[in-house]
Amino acid sequence: MLVPSQQAPDKYSIKTAPAYSIGLLLSLYLAQGLPVGFLTQALPAILRKNNVSLAAIGGFGLLMAPWALKFLWAPVVDRYFSPQWGQSRSWIIPTQFLTILLLVVISFLEPGALASPVILLSFFIVLFLINLMGATQDIATDGLAVRLLQTLQQHWGNAVQVLGSRLGFIFGGGAVLLLLDLWSWQVVFLLLTGFVVLNSLPILLFREPVWPQQIQVDGVQAAAKSNFQLKKWRKFFAVEFAYFWHNPQMQAWLLVLLTFKLGDSLSGAMVKPMMVDMGFSLANIGLMASMLGSVASVMGALLAAWLMKYMARSTALWWFNLLQILSFLLYAILAWQFEHGYIVVAWQVYCVNAIEQFAGAMALVAMLTLIMDYSRKQQAGSDFTFQVSVLAVTGGGVHIVSGIVAEYWGYSIHFGFCVLLAVLCLWPIFRWRKVSIH
């Protein structure tokens, strides 16, 4: 039975080995990254290979809606749980179990049958439910990460988050594209399910501490609980999330969150479809683009974590973001070559994709570390989730229209616009850094 967090036991312990904490978080982020890797890395290429329009591929971004809206139920995940299971385990274990069941269901949905409206709708619903489970698991995992990691461990913890998700992209995206040329759809998805099962085992063996925040009842928590129980949603969210606009610094930070993913999401949605139109096979995209790119992102995440030992976090966010903008410019150059009949060599595409993934991972590590800094310990899951949801809402919004832009303007103008948009989005970072100094 789920109970409010205030009913937690009186005794607590937060002694957890750092190495085990990092390993546990890696397994959890990898488990959620496997299905997301399929949706973001493999699915767009599969759809384009089957002559689905760019506009429709962009519209599949609606499947990611749970990741954008998860802040709506994050306070519930933070406050209601089974004391016997633990604050985070109470949500992670059931959502992982349901994800495994849904992946088994997908293994029986042959892609050749997607022409049937009934099968297509069923496929869409199952994918949406997988994202719903993954988003809920992510709330609990992010809260666990904030509570487990000390300040000096945070950049490594966020590197692990990027590492886990990118490894998920390698297996859930690149490996799936590669193996679909060799094995049947069902075998590939059952193998993917097996990887999720393996990465769910550490949380089953983990004995979660009772956190000191669980037994603290301050005015904000009490008010939020009261408003929630009375279903006074407007007042509830005002109490819960007013923290993010209560002073000039937080307002400036909120603007950074609103704009940070615009250029990245607009660009990333069309990379795999462009590769298909350039003549690359699904196997090549899976092996050389998704997998090589994901390896590059792992290296970028680790380098970012190391550099952030010596750099201010705001400085890291600025410079890593500039490097990512450079990769958008390189995509625009490749697209211009392709559209004007010049030969585009395969290694050029793979290198640019690797640079983009490398820089994107660096920028994401810096962003997630700052998000963790702005998360209050007593409601870590809610605060972290709200900030990540802001990134997802704005990023998902431009993802949906990305196909329309690319279809009407062409790839070169599309990526050029991504560069311009990303440069304009540097101003909120500059403004936030200026306000933070004062």
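Residues numbered from 1 in each chain as written. Predicted model: local features only at pLDDT ≥ 70, side-chain atom pairs only at ≥ 80, totals over all residues. Heavy atoms only, no water.

Asker: Which residues make up the overall build of the protein, and what are the values?
Answerer: Regarding its fold elements, the protein presents 19 helices and two strands. Sorting the 438 residues of the protein into buried and exposed places 56% on the buried side. A total of about 18200 Å² of accessible surface is found on the protein, and carbon and sulfur atoms cover 71% of it. (Helix = DSSP H or I, 4+ residues; strand = E, 2+ residues; numbered from the N terminus. Buried < 20%, exposed > 50% of the residue type's maximum accessible area, 1.4 Å probe, protein only. Areas by Shrake-Rupley, 256 points an atom, 1.4 Å probe, with all protein chains shown as cover.)

Asker: Talk me through the confidence of the model for the protein; I want residue IDs and the actual numbers.
Answerer: Looking at the protein, pLDDT values average 84 and 87% of them are 70 or higher. When pLDDT is averaged over each element of the protein, helix α18 (residues 411-424) comes out on top at 97 and strand β1 (residues 3-4) at the bottom at 40. Contacts of residues 1-16 to residues separated by more than four positions or lying in other chains number 44 contacts, the stretch itself having pLDDT below 50. Across residues 215-231, confidence stays below pLDDT 50; counting only partners more than four residues off in sequence or on other chains, it has 30 contacts. (pLDDT = per-residue confidence, 0-100. Contact = heavy atoms within 4.5 Å.)

Asker: Just give me the short version of the pattern of salt bridges, but keep the residues and values in it.
Answerer: By the definition in use, this model includes five salt bridges. Residues Asp373 and Arg313 are paired through a salt bridge, measuring 2.5 Å at the closest nitrogen-oxygen approach. With Asp373 in helix α16 (residues 346-373) and Arg313 in helix α15 (residues 313-339), this pair connects stretches of sequence that are 60 residues apart. On the accessibility criterion, Asp373 (36% relative accessible area) is partly exposed. Between Arg376 and Asp383 there is a salt bridge, with the nearest N and O atoms lying 2.7 Å from each other. Comparing Arg376 with Asp383, the two get one shared label, buried. (Salt bridge = Lys/Arg side-chain N within 4 Å of Asp/Glu carboxyl O.)

Asker: Residue-level account of α15, with values.
Answerer: A rise of 1.5 Å per residue sets the reference length of α15, with its 27 residues, at 39 Å; its end C-alpha atoms lie 40 Å apart and thus fit the reference within 8%. Just beyond α15, the residue with positive phi is Gly341, at close to 85°. (Expected span 1.5 Å × (residues − 1).)

Asker: Break down helix α8 (residues 185-205) for me, citing the residues and quoting the values.
Answerer: For α8, built from 21 residues, the straight-helix expectation of 30 Å at 1.5 Å per residue is met to within 8% by its first-to-last C-alpha distance of 32 Å. By the burial criterion, the buried members of α8 are Trp185, Val188, Phe189, Leu192, Thr193, Val196, Asn199, Ser200 and Ile203.

Asker: Mind laying out the packing of aromatic side chains, listing which residues take part and the relevant values?
Answerer: Summed over all chains, the structure comprises 15 aromatic pairs. Residues Trp336 and Tyr342 carry aromatic rings whose centres are separated by 5.5 Å and whose planes lie at 20° to one another, so their mutual orientation is stacked. The ring of Tyr243 has Arg376 sitting right over it, with the charged end atom 4.0 Å from the ring centre. (Phe/Tyr/Trp six-rings, centres within 6.5 Å; stacked < 30°, edge-to-face > 60°. Lys NZ or Arg CZ within 6 Å of the ring centre and 35° of its normal.)

Asker: Tell me what's going on with the nonpolar core, and back it up with residues and numbers.
Answerer: Grouped burial of nonpolar side chains is what soluble globular proteins tend to show. Core analysis: the biggest nonpolar cluster contains 67 residues, and Trp253, Leu317, Met367, Ile371 and Trp432 have the highest contact counts within it. Per-element tally for this core: the top contributor is α16, with eleven residues. The contacts of Leu317, once residues within four sequence positions are left out, are Trp253, Val256, Phe260, Ala363, Ala366, Met367, Leu370, Ile429 and Trp432. Within the second largest apolar cluster, 52 residues are counted, among which are Leu63, Val271, Phe280 and Phe415. (Core = buried A, V, L, I, M, F, W, Y, C linked by side-chain atoms within 4.5 Å.)

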